[in-house]
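The residues making up each chain are set out below.
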Amino acid sequence: SADGGRNLSLDSVPMGLPISDPTAWATAMNNLGMAPMGMTGQPLLPDFDPALGMMTGIPPINPMMPGLGIVPPPIPPDMPAVKEIIHCKSCTLFPPNPHLPPPATRERPPGCKTVFVGGLPENGTEQIIMEVFEQCGEVIAIRKSKKNFCHIRFAEEFMVDKALYLSGYRIRLGSSTDKKDTGRLHVDFAQARDDLYEWECKQRMLAREERHRRRLEEERFRPPSPPPVVHYSDHECSIIAEKLKDDTKFSEAVQTLLTWIERGEVNRRTANNFYSMIQSANSHIRRLVNEKATHEKEMEEAKEKFKLALSGILVQFEQIVAVYHSASKQKAWDHFTKAQRKNISVWCKQAEEIRNIHNDELMGIRREEEMEMSDEEIEDPSEMKETEESALVSQVEALKEENDSLRWQLDAYRNEVELLKQEQGKASRDEDTTKEQQLKLLQQALQGMQQHLLKVQDEYKKREAELEKVREDKLKIETLLETLKEQESSTSRICACSQEKECPAEKTLSTSPVKSEREALLVGIISTFLHVHPFGASIEYICSYLQRLDSKICTTEVEVLMTRLQHTFKQELSGVGASLEKRWKFCGFDGLKMT
């Protein structure tokens, strides 16, 4: 038949596969080491023996051989897992398509040892199920349903993972292709009361072991309990009395004595014994005081040694810093390279910081000693002043040296800048084209700045000319005022002058709000003052200036005069809110055009 033609014979090839599934066929051949077939059915390798179904010299590989578990070694997550064909005595398991997603599983219950297996063939028996899944581990029980599923309980939890590996495999009983003899396995976690009970028992056992381990650790680190105190007797009393006289056993003996007294062992008969023991304890006080004095003496000697050593270290630090400062002077500094100068400056800073730290420490020790000293021990306060003055002098000298070194460093940096300028000048000869362009741009910028400067100078000259004109106008006004005084005496002169060019000006003056020569002078001075202040000035500022000339001038007089001359002065408000201020400005040039 067509099916028979498409299938390989089980006698010729020990692993029967339908050729209609080329993916599974190629996967099986690659995994089992079999030679791949070409499109014409000819073997691609010449040493392939079709009778054996394997390459010559290579033993057949069976995935169920001893030492080869069903679960393959761990595969990296980026590589697809390639499953193999599994042969059993009564059935054959074919792997699923590797391109399909892995079968879904439920959340694993705690302590799971039971799996659900669905998709079994209708003709599948418990013996066949045992034959397939006993390779995953020891099977304790199989509960098979009349339908095509069952529950399998294993001995250990890791065996469930091996069983899950078979999920998705197609099972075929023998060589039959009947639907009742085929199926697709679906293996998933199952929730069983026995698994949960065993898992809880195991967790309780682990908790007990943990508590026992912690108890042992606590007992190991717990300090030992003190030995029990013996009861009072004359013999024990003599032993304790001897121990009280021994320095090494005194603490133990005193504890025993304290316990006896607290127990109430003191009575008329034993009072003398207890008094002698208390007297021994009192004599131990003198020994303790002497021991403390010796320790204090040793501590003072150690402090003196430390102070001497620290002062010697400070002297050496001062010498090293002096070496750095002398190397930083211009005589030697110019001969070092830039890297060497940098290292010397860094070393100098580090040495100065360490020296200052040690100096502060030594000064702190001395301050503590001075605080501990009593007034009687201070022999001469002038010596302390001299030491303070010497310390101040040394600090001033250190600051001077540091200032000199900084000055030398500045000179060295200036020399470096000059050298860099010379080097840049040499390099500029090689890059004439770029530098010429830059020079042109700079020249253009300079020309623009010069033009701007000329404009500013022209404006300045114009302002000076305007200022001179204002001064001339002021002089003219003064002369006009003088002529007015002379013209008031004779009316005939006024009529004669009315025919001349000065007649209009005289009419305006006669009708002008300026009533006296004093007011005219004030108008001229205020005009000159406000012309110098183009942004205006307050009435107080103007009056302060006028009061320097005449202390009799008041603010109201000046303000009334300026309000009358509306074409000469104008009042403006400047500022915002609390800083609002009234300012007077000179508007004579604009007022001349209006009149």
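Here the structure is a predicted model, which means the values were calculated and not measured. Here the residue numbering is sequential within each chain, running from 1 through the sequence in written order. Reporting of local features is limited, given that this is a predicted model, to residues whose pLDDT is at least 70; pairs of side-chain atoms are given and counted only at 80 or more, and all residues count toward the totals for whole chains, interfaces and linings. By convention in this description, side-chain values take in all heavy atoms of the structure and omit both hydrogens and water.

Colleague: Before we move on, could you go through the overall build of the chain and cite the residues and values that matter?
Modeller: Helix numbers and strand numbers start at the N terminus; a helix is a DSSP run of H or I with at least 4 residues, a strand a run of E with at least 2. A tally of helices and strands in the chain yields 18 helices and twelve strands. When each of the 595 residues of the chain is scored for burial, the buried share is 25%. In this description, contact between two residues means that some pair of their heavy atoms is separated by no more than 4.5 Å. In the chain, once contacts between residues fewer than 6 apart in sequence are set aside, the share between residues at least 24 apart is 60%. Within the structure as shown, the chain displays about 42,900 Å² of accessible surface, and the carbon and sulfur contribution to it stands at 56%. Exposure classes here rest on a 1.4 Å probe applied to the protein chains alone. A residue is buried below 20% of its type maximum, exposed above 50%, and partly exposed in between. Throughout, the Shrake-Rupley method with a 1.4 Å probe supplies accessible areas, and for residues the shown protein chains are the sole cover considered.

Colleague: Go over the sheet that holds strand β10 (residues 186–189), please, and point to the residues and values.
Modeller: Should DSSP find at least two bridges between two strands, the strands are taken to pair. Here we have four strands laid out as an open sheet, ordered β6-β7-β5-β10, and antiparallel in their pairing. The sheet is open, and its two edges are formed by β6 (139–144) and β10, each paired on a single side. With strand direction ignored, the average angle separating the axes of adjacent strands in the sheet is 20°. Against the sheet, helix α3 (residues 126–133) touches β5 (114–118), β6, β7 (149–154) and β10, its axis set at about 140° to β6. To get an axis, a line is fitted to the C-alpha atoms, and for a helix only the part in contact is used. The angle between two axes follows their N-to-C directions and goes from 0 to 180 degrees.

Colleague: Residues and numbers for the pattern of salt bridges, please.
Modeller: The salt bridge definition used is simple: a Lys or Arg side-chain nitrogen within 4 Å of an Asp or Glu carboxyl oxygen. Across all of its chains, the model carries 19 salt bridges by this definition. Measuring nitrogen to oxygen at the nearest pair gives 2.8 Å for the salt bridge that ties R153 to D195. With R153 in strand β7 and D195 in helix α5 (residues 193–221), this residue pair connects regions lying 42 residues apart in the sequence. Across the pair R287 and D247 runs a salt bridge whose closest N-O atoms are separated by 2.8 Å. On the criterion of sequence distance, the pair formed by R287 in helix α8 (residues 271–327) and D247 in the loop between α6 (234–244) and α7 (250–263) is long-range, its members being 40 residues apart. Taking relative accessible area as the criterion, R287 reaches 27% and is therefore assigned partly exposed.

Colleague: Run through the nonpolar core, naming residues and quoting values.
Modeller: Here, nonpolar core refers to any group of buried Ala, Val, Leu, Ile, Met, Phe, Trp, Tyr and Cys residues whose side-chain atoms link them within 4.5 Å. Counting 31 residues, the largest nonpolar core has V117, F133, I152, F154 and L166 as its most contacted members. Sorting the residues of this core by element identifies β4 (91–94), β5, α3, β6, β7, α4 (158–164), β8 (170–173) and β10 as the ones contributing at least two each. Sequence-distant contacts of F154, that is, excluding residues within four places in its chain, are made with K113, V115, F133, C136, G137, E138, V139, I140, M159, V160 and A163. Residues L522, F529, L561 and F569 belong to the second largest nonpolar core, which totals 17 residues.

Colleague: Explain a nonpolar patch on the surface to me, using residue names and the numbers behind them.
Modeller: The patches described consist of residues with a relative accessible area above 30% and no salt bridge, like charges being joined within 9 Å and nonpolar side chains (Val, Leu, Ile, Met, Phe, Trp, Tyr) within 5 Å. The grouping of I261, V266 and I278 at the surface amounts to a nonpolar patch, some 230 Å² of accessible area in total. Within the fold, V266 resides in the loop between α7 and α8. According to the relative accessible area criterion, V266 is partly exposed, its value standing at 42%.

Colleague: So what about α7? Which residues, and what values?
Modeller: For an α-helix the count is 3.6 residues per turn, leaving residues at separations of three or four pointing the same way. For α7, which comprises 14 residues, the first-to-last C-alpha distance of 20 Å matches the rise-based estimate of 20 Å (1.5 Å per residue) to within 8%. Buried within α7 are the following residues: F250, A253, T256, L257, T259 and W260. Each element contacted by the buried residues of α7 is listed here: α6 and α8. Looking one or two residues past α7, G264 carries a phi angle of roughly 90°, positive in sign. A helix is expected to reach a length of 1.5 Å times the quantity of its residues less one.

Colleague: Go over a negative patch on the surface, please, and point to the residues and values.
Modeller: On the surface, E464, E468, E472 and D473 cluster together into a negatively charged patch. By the secondary structure assignment, E468 is in helix α12 (residues 432–488). Charged residues are defined here as Lys and Arg on the positive side and Asp and Glu on the negative side; His and the ends of the chain fall outside this count. For charged residues, the charge sits on one atom: NZ in Lys, CZ in Arg, CG in Asp, CD in Glu.

Colleague: Describe empty space enclosed by the protein, listing the residues and the values that go with them.
Modeller: Only protein atoms enter the calculation, which uses a 1 Å grid: trapped sets of points that fit a 1.4 Å probe without letting it out are cavities, open sets showing protein on both sides within 12 Å along at least five of seven lines are pockets, and any residue with an atom within 4 Å of a point is a lining residue. Grid points are joined across faces, edges and corners, and a volume is the space filled by probe spheres set on the points. Under the defined criterion, the tally for this structure stands at three cavities of 30 Å³ or more. Every residue lining the largest cavity is listed: L120, P121, G124, I128, I129, V132, F133, I171 and L185. At four residues, the largest contribution of residues to the lining of the largest cavity is made by α3. When grouped by side-chain class, the residues that make up the lining of the largest cavity number eight nonpolar, one polar and no charged. Polar here means any residue outside two lists: the nonpolar Ala, Val, Leu, Ile, Met, Phe, Trp, Tyr, Cys and Pro, and the charged Asp, Glu, Lys and Arg; Gly therefore counts as polar.

Colleague: I'd like to hear about α12, residue by residue, with values.
Modeller: Its 57 residues place the ends of α12 82 Å apart at the C-alpha level, agreeing with the 84 Å of an ideal helix rising 1.5 Å per residue. Within the span of α12, buried status applies to V470, L481 and Q487.

Colleague: Can you tell me about the packing of α12 against helix α15 (residues 517–532), naming the residues and giving the values?
Modeller: Contact geometry for α12 and α15: axes closest at 10 Å, N-to-C directions at 180°. The angle between α12 and α15 falls in the class roughly antiparallel. Residues E466, L467, V470, K474, E478, L481 and K485 of α12 pack against E517, A520, L521, G524, I525, T528 and H531 of α15. Residue composition of the contact of α12 with α15, by class: six nonpolar, three polar and five charged. To sort the angles, those under 35 degrees are grouped as roughly parallel, those over 145 as roughly antiparallel, those from 65 to 115 as roughly perpendicular, and the leftovers as oblique.

Colleague: Quick rundown of the packing of α7 against α8? Include the residues and the values.
Modeller: Put simply, α7 and α8 touch, their axes get as near as 11 Å, and they point 140° apart. The angle between α7 and α8 places the two elements in the oblique class. Along this stretch, α7 crosses α8, giving a crossing that reads as left-handed. Along its contact with α7, which presents F250, L257, W260 and I261, the element α8 presents F274, M277, A281 and H284. Residues that form the contact of α7 with α8 fall into these classes: seven nonpolar, one polar and no charged. Handedness of a crossing follows from how the near helix is turned relative to the far one, being left-handed for an anticlockwise turn of less than a right angle and right-handed for a clockwise one.

Colleague: Give me the packing of aromatic side chains: which residues, what numbers.
Modeller: Aromatic rings considered in pairs are described by the distance between their centres and by the relative angle of their planes. Pairing of aromatic side chains here covers Phe, Tyr and the six-membered ring of Trp, requires ring centres within 6.5 Å, and sorts the geometry by plane angle: under 30 degrees stacked, over 60 edge-to-face, intermediate tilted. The full count for this structure, using the stated rule, is nine aromatic pairs. Ring geometry for F569 versus F586: centroids 6.3 Å apart, planes at 65°, classification edge-to-face. Residue F569 is found in strand β11 (residues 569–574), and its partner F586 is found in strand β12 (residues 581–586); the two are separated by 17 residues along the sequence. Residue F586 is classed as partly exposed on the basis of its relative accessible area of 22%. Every member of this aromatic cluster is reached through a ring pair, and the members are Y232, W260 and F274. Two thresholds decide whether a charge sits over a ring: the Lys NZ or Arg CZ must be within 6 Å of the ring centre and within 35 degrees of the ring normal. Taking NZ or CZ as reference, K83 lies 4.9 Å from the ring centre of Y165, over its face.

Colleague: Hey, could you go over a positive patch on the surface for me, with residue numbers and the actual values?
Modeller: A surface patch of positive charge is lined by R204, R208, R211 and R215. Mapped onto the elements, R211 comes out in helix α5. On the basis of relative accessibility, which here comes to 48%, the residue R211 falls in the partly exposed class.

Colleague: I'd love a proper account of the side chain of H284, names of residues and values included.
Modeller: With respect to the helices and strands, H284 occurs in helix α8. The contact partners of H284, leaving out residues within four places of it in the chain, are D247 and F250.

By themselves these figures say nothing about function.
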